[in-house]
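Chains, contacts and geometry: an overview
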Amino acid sequence: MKRVDEQMAFYDAYHRHPLNKATHFIGIPAIIFSILVVLGWARVPVGGFTATAAMVTVAVLLGYYFALDRALAVGMALFLLPALWVAEQVSQWSYAAGGAVFLVFFVGGWIFQLIGHGVYEKRRPALVDNLFQMIIGPFFLVAEVFFLLGLKHDLRDRVREDARRHLPGNAATS
């Protein structure tokens, strides 16, 4: 498994413009929430409890995030667990109502993402070149909050230094 700074450096190279980053703070949470709504429809009774694909997905993601960086994973949990709870509530609505919520958040989230990349960044999204960036993107946003709060300077510096090799026109781009 690549180190957290290596994974985030690739993502950072595609997200240099501050307004692109700002659109991602709206778009990524909206997309995640919408996907959790749909995953909440897949329900399996386990004893006296009902597990959903959304619950399993969040558990797996948090496990992965904790393997990368415990402090940032706690930040992810502070977003993912409330989002999961709300998505679980919505997923119990009728399919028409839940589907409408899914569409609004999913399409709206992607509109923000594409505006950020097309208007501000002028570079395609990182996930076009590496689909795994869908998992790193939310983690990167939490890291950005930490950086803005003056935390994890060493990680920020390593990410920004390593991101240079992923910039367009750099012969070392991989």
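Okay, so let's go over this structure. Along each chain, residues carry numbers from 1 onward, in the same order as the chain's sequence is written. Local features in this predicted model are restricted to residues whose pLDDT is 70 or higher, and side-chain atom pairs enter the listing and the counts only when it is 80 or higher, whereas totals over whole chains, interfaces and linings include all residues. Note that the side-chain values use all heavy atoms of the structure and ignore hydrogens as well as water.

Digging into the overall build of the protein chain
Note the following rule: Strands are runs of DSSP state E lasting at least 2 residues, helices are runs of H or I lasting at least 4, and numbering of each runs from the N terminus. All radius of gyration figures rest on C-alpha atoms, and the globule criterion is 2.2 Å times the number of residues raised to 0.38.
A tally of regular secondary structure across the protein chain gives eight helices and two strands. In the protein chain, the order of α-helices and β-strands from amino to carboxyl end is α-α-β-β-α-α-α-α-α-α. Taken against the 2.2 N^0.38 rule, which gives 16 Å for 174 residues, the C-alpha radius of gyration of the protein chain at 17 Å falls within 12% of a compact globule. With the C-alpha coordinates aligned to their principal axes, the bounding extent of the protein chain is approximately 55 × 35 × 30 Å.

Re unusual backbone geometry
For the record, the criterion: Note on exposure labels: buried denotes an accessible area under 20% of the residue type's maximum, exposed denotes more than 50%, and partly exposed covers the range between, all computed with a 1.4 Å probe on protein chains only.
Unusually for a residue other than glycine, lysine 122 sits at a positive phi of about 55°. By secondary structure assignment, the location of lysine 122 is in the loop between α5 (95–121) and α6 (126–129). Taking the relative accessible area as the measure of exposure, lysine 122 reaches 64% and is therefore exposed. Residue lysine 152 is not a glycine yet carries a positive backbone phi of 60°. Along the chain, the position of lysine 152 falls in the loop between α7 (133–148) and α8 (153–163). Owing to a relative accessible area of 24%, lysine 152 belongs among the partly exposed residues under this scheme.

What about the environment of alanine 100?
Among the structural elements, alanine 100 can be located in helix α5. Taking relative accessible area as the criterion, alanine 100 reaches 40% and is therefore assigned partly exposed.

Remarks on the pattern of salt bridges
Proximity of charged atoms lets side chains of opposite charge pair with each other. Counted only if it meets this: The salt bridge criterion pairs a side-chain nitrogen of Lys or Arg with a carboxyl oxygen of Asp or Glu, the two atoms within 4 Å.
Tallied over the full model, the rule gives 13 salt bridges. Note that arginine 124 and aspartate 129 form a salt bridge whose closest N and O atoms lie 2.6 Å from each other. The partly exposed category is assigned to aspartate 129, whose relative accessible area is 36%. Close ionic contact of aspartate 154 with arginine 158 constitutes a salt bridge, the shortest N to O distance being 3.6 Å.

Some thoughts on the pairing of strand β1 (residues 43–46)
Heads up, the condition is: Two strands form a pair only when DSSP identifies at least two bridges running between them.
Direction of pairing for β1 relative to strand β2 (residues 49–52): antiparallel, over a ladder of four bridges. Note that in β2 the partner of valine 44 across the bridge is alanine 51. Between the antiparallel neighbours β1 and β2 lie two residues, among them glycine 47 with a positive phi of about 65°.

A short note on the packing of aromatic side chains
Note the cut-off: Aromatic rings from Phe, Tyr and Trp, taking only the six-membered ring of Trp, are treated as a pair when their centres fall within 6.5 Å; an angle between ring planes under 30 degrees marks them as stacked, one over 60 as edge-to-face, and anything in between as tilted. As a reminder, the over-ring test applies to NZ of lysine and CZ of arginine, requiring each to be within 6 Å of the ring centre and within 35 degrees of the ring normal.
Applying the stated rule across the entire model yields nine aromatic pairs. The interplanar angle of 65° and the centroid separation of 6.4 Å between the aromatic rings of phenylalanine 106 and tryptophan 110 together place this pair among those described as edge-to-face. Of this pair, phenylalanine 106 and tryptophan 110 both sit in helix α5, separated by four residues, roughly a single helical turn. By relative accessible area, phenylalanine 106 is classed as partly exposed at 26%. Members of the aromatic cluster, joined through ring pairs, are Tyr64, Tyr65, Phe132 and Phe139. Its guanidinium or amino end placed over the ring of tyrosine 14, arginine 123 lies 3.7 Å from that ring's centre, counting from NZ or CZ.

Things to note about the nonpolar core
Convention followed: Definition used in this section: a nonpolar core is a set of buried Ala, Val, Leu, Ile, Met, Phe, Trp, Tyr and Cys residues joined via side-chain atoms within 4.5 Å. The criterion used for residue contact is that any of the two residues' heavy atoms lie within 4.5 Å.
In this structure, Met8, Leu36, Tyr65 and Phe139 are the most contacted members of the largest nonpolar core, which totals 41 residues. For this core, the secondary-structure elements that each account for two or more residues are α1 (4–13), α2 (18–39), α3 (53–68), α4 (70–91), α7 and α8. Ranked by residues supplied to this core, first place goes to α4 with nine residues. Once residues within four sequence positions are removed from consideration, tyrosine 65 is found in contact with Ala73, Met76, Leu80, Ile135, Pro138 and Phe139.

As for a nonpolar patch on the surface
Cut-off, in case you're wondering: To count toward a patch, a residue needs a relative accessible area above 30% and no salt bridge. Like charges then connect within 9 Å, nonpolar side chains (Val, Leu, Ile, Met, Phe, Trp, Tyr) within 5 Å. Computed by Shrake-Rupley with a 1.4 Å probe, the accessible areas treat only the displayed protein chains as cover when residues are assessed.
Together, Leu19, Leu103, Val107, Ile111, Ile115, Val119 and Tyr120 give the surface a local cluster of nonpolar side chains, amounting to about 580 Å² of exposed area. Per-element accounting of the nonpolar patch gives the leading share, six residues, to α5. With respect to the element layout, tyrosine 120 can be found in helix α5.

Purely geometric numbers; function is a separate question.
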